[in-house]
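Breakdown of the fold
Residue strings, one per chain:
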Amino acid sequence: QVELVESGGGLVQAGNSLRLSCAASGRTFGSINMGWFRQAPGKEREFVASINWSGAETYYAEAVEGRATISRENSKNMLYLQLDNLKSEDTAVYFCAGDGRAYRAVVFTTASGFTYWGQGTQVTVSS
């Protein structure tokens, strides 16, 4: 079992940067692939970025490609999402998610592939 708690959201101006953090509990964090998703009001949850268990592989949604960096510190059970050049369309609740299987070779980019979810952190970008 893995519990996830996001932090770092807030109100920011367009063009600025934000770093989201996700603290994970449990001894298996370092062995599972992780992801970030977001959900805007009235919209479905969408993929933002994912990373494999070792941190060697990363994947990004087209909407954030070049502006987002996903990273992890397995020694600290932490996952991060750096968002640069924020736009109003980045406004959403951001969720971190964890794969339910250790050392999976495939890194998912869809919500259905992840088992563990945090409660989310609100990011609001003002123009």
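Just above sits the structure.
Residues numbered from 1 in each chain as written. Predicted model: local features only at pLDDT ≥ 70, side-chain atom pairs only at ≥ 80, totals over all residues. Heavy atoms only, no water.

Some points on the packing of aromatic side chains
This structure, assessed with the given rule, holds 7 aromatic pairs. Seen from their ring centres, F37 and F47 are 5.7 Å apart, and the 70° between their planes marks the pair as edge-to-face. Of this pair, F37 sits in strand β4 (residues 34-39) while F47 sits in strand β5 (residues 46-51), and the two are 10 residues apart along the sequence. By relative accessible area, F47 is classed as buried at 15%. With a centroid separation of 5.4 Å and an interplanar angle of 75°, the aromatic rings of F37 and F114 are classed as edge-to-face. Within this pair, whereas F37 is found in strand β4, its partner F114 is found in the loop between β9 (92-98) and β10 (116-117), the two being separated by 77 residues in sequence. A relative accessible area of 1% means that F37 is categorised as buried. We classify F114 as buried; its relative accessible area is 6%. One aromatic cluster is present, built from ring pairs that chain together F37, F47, F95, F108, F114 and W117. Sitting above the plane of the Y80 ring, R19 keeps its charged end 4.1 Å from the centroid. Sitting above the plane of the F29 ring, R72 keeps its charged end 4.5 Å from the centroid. (Phe/Tyr/Trp six-rings, centres within 6.5 Å; stacked < 30°, edge-to-face > 60°. Helix = DSSP H or I, 4+ residues; strand = E, 2+ residues; numbered from the N terminus. Buried < 20%, exposed > 50% of the residue type's maximum accessible area, 1.4 Å probe, protein only. Lys NZ or Arg CZ within 6 Å of the ring centre and 35° of its normal.)

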